[in-house]
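# Architecture at a glance
Here is how the chains run, residue by residue.
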Amino acid sequence: MAETQWIDGAARAEALRAAVGAETEDLAARYGWRPGLAVILVGEDPASEVYVRSKIEKSQAAGMVSLARRLPADATQAEVEAQIEALNADPEVHGILLQLPLPAGLDSAAALERLDPRKDVDGLTVASAGRRVSGLSAFSPCTPLGCMMLLKESVGDLTGAHAVVLGRSVLVGRPMADLLLEANCTVTIAHSRSRDLAGLCRTADILVAAVGRPGMVKGDWIKPGAAVIDVGINRVPHPDPAKAAKGRTRLVGDVDPVGADGVAGWLTPVPGGVGPMTVACLLHNTLMAAKRAHGLA
C-alpha cells in the first residue's frame, strides 16, 4: 500500500494570502493605490452570507480595498445588472464577484455576462471561458486554480500524467480539464453517463473528484500512488445520533477518506483541502487584475 501524503490546503492558502498581502503593501507604498475587490450579494441566503463574510474579511486582512454591495431578495434583474455596471465603471474596483446562487427569478448567466472580463476574477464569463479554451490569457475560476496550485506543489511536473476529472460542471470540471491540458496532462472528463466510472478513475495518475456526491469515490477506484484532489463539499448528518437529532451536520468530500488513505499517493482532506484555496485564489486573481489595470502585468 502507498503511504498517503495529506495535502494541507489551509496552510498553502495562508501562505498565498500572506504573499498577496505583502505585494499589496508594496503596491500601496510605491504607487499609492491598493487592489479593490467588490462582492455583490443578492438576498439573504445563509450559506452565501458566510461565504461573502469570509471573502470580505480575508481581502481586508490582505490590505485590499473591500466593498460589499447588498441587494434585497426582491431586486430586479435590471437592478442587479445596474450594480454590476456601476462597479465595472469604478476605477478603484479591480475585481468583481457576483455571489451565486441568485434568488429565484433572476438570470445568473445574463447577470454574469454584464461583468467586465478584465474584472471577472472568478473566471465565470463566456469571454473568460472562451479565452481559456483558445489558449489566451484569462482568469481561471478560483477552485480549479487552487487545485492546480496544490497539485503542482505536491506532485511537481505534471507533464504526461493521465488526469481524470470526475464532473463536467462549468464551475469546476471543465475549467479544471483546461488547466490540466495546459500543464501537458492527458485528460479524460468522466461524468454520470460515463461507462465504468470506477475503471476510468483507476487509470488516473491524477484524479479530481467534483461531483457533489458524498464518498462516491472508493478506495478501489484509485490507482495506487495517484494524486487525488477532492473538490466535494457535502453536508451529511452528524455521525453522533444525539447531534444528528439536533440537526447537526458535518462536511465530507466526494472521496471516501478511509478507503483512499494508504492507496492514494497524495490526498486533499475535507475540510481543510481545496476549500481554503478558493478564497486565497480569489485574492490572487484580484491582485493580478489590479496589476494589469495599471500596466504592471
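What you see is a predicted model; the values in this text were computed from it and never measured.

## Some thoughts on the sheet that holds strand E5 (residues 162–166)
Strand order in this open sheet of six strands is E1-E11-E8-E7-E5-E6, and the pairing throughout is parallel. A strand with exactly one partner marks an edge of an open sheet, and here the two such strands are strand E1 (5–6) and strand E6 (186–190).

## Things to note about the nonpolar core
Met148, Leu151, Met176, Leu180, Ile206 and Ile229 are the most contacted members of the largest nonpolar core, which has 50 residues in total. Residues contacting Ile206, with those up to four places away along its chain left out, are Leu151, Leu158, Ala161, His162, Ala163, Val164, Cys185 and Ala227. Grouped together as the second largest cluster of nonpolar side chains are 20 residues, Leu197, Met216, Trp221 and Val263 included.

## Brief notes about the side chain of Asp230
Topologically, Asp230 is positioned in strand E8 (residues 227–230). It is Arg250 that comes nearest to the buried, bridge-free Asp230 among opposite-charge side chains, at 11 Å. From its side chain, Asp230 meets the backbone nitrogen of Gly232 in a polar contact 3.1 Å long. Among the polar contacts listed, one links the side chain of Asp230 to the backbone nitrogen of Asp254, at a separation of 2.8 Å.

## What to know about unusual backbone geometry
In this model, Leu100 is joined to Pro101 through a cis peptide bond whose omega is 5°. Among the secondary structure elements, Pro101 is positioned in the loop between strand E4 (95–98) and helix H4 (108–112). Located in the positive-phi region is Asn184, a residue other than glycine, with phi close to 70°. Residue position: Asn184 is located in the loop between helix H7 (173–182) and E6. Residues other than glycine seldom take positive phi values, yet Asp196 does so here, at roughly 55°. Looking at the secondary structure, you find Asp196 in the loop between E6 and helix H8 (197–202).

## Focus on the pattern of salt bridges
If the charged atoms of two oppositely charged side chains come close together, the side chains can form a pair. Counted under the stated rule, the structure contains nine salt bridges. With a closest N to O distance of 2.8 Å, Glu25 and Arg34 form a salt bridge. Relative accessible area serves as the criterion here: at 37%, Glu25 is assigned to the partly exposed category. The partner of Arg118 in a salt bridge is Asp116, with the nearest N and O atoms 2.9 Å apart. When salt bridges with common partners are traced through the structure, they connect Glu81, Glu85 and Arg114 into a single cluster.

## Some points on the packing of aromatic side chains
Applying the stated criterion across every chain yields a total of one aromatic pair. Between Tyr31 and Trp33, the ring centres sit 6.3 Å apart and the planes meet at 20°, which makes this aromatic pair stacked. Trp33 gets classed as buried once you look at its relative accessible area, which sits at 14%. Positioned above the aromatic ring of Phe139, the side-chain terminus of Arg292 is 4.7 Å from the ring centre.

Cut-offs applied
Residues numbered from 1 in each chain as written. Predicted model: local features only at pLDDT ≥ 70, side-chain atom pairs only at ≥ 80, totals over all residues. Heavy atoms only, no water. Pairing = 2+ DSSP bridges. Helix = DSSP H or I, 4+ residues; strand = E, 2+ residues; numbered from the N terminus. Core = buried A, V, L, I, M, F, W, Y, C linked by side-chain atoms within 4.5 Å. Buried < 20%, exposed > 50% of the residue type's maximum accessible area, 1.4 Å probe, protein only. Contact = heavy atoms within 4.5 Å. Lys, Arg positive; Asp, Glu negative; His and termini not counted. Salt bridge = Lys/Arg side-chain N within 4 Å of Asp/Glu carboxyl O. Polar contact = N/O pair within 3.5 Å; in protein donor to acceptor, adjacent residues only side chain to side chain. Phe/Tyr/Trp six-rings, centres within 6.5 Å; stacked < 30°, edge-to-face > 60°. Lys NZ or Arg CZ within 6 Å of the ring centre and 35° of its normal.

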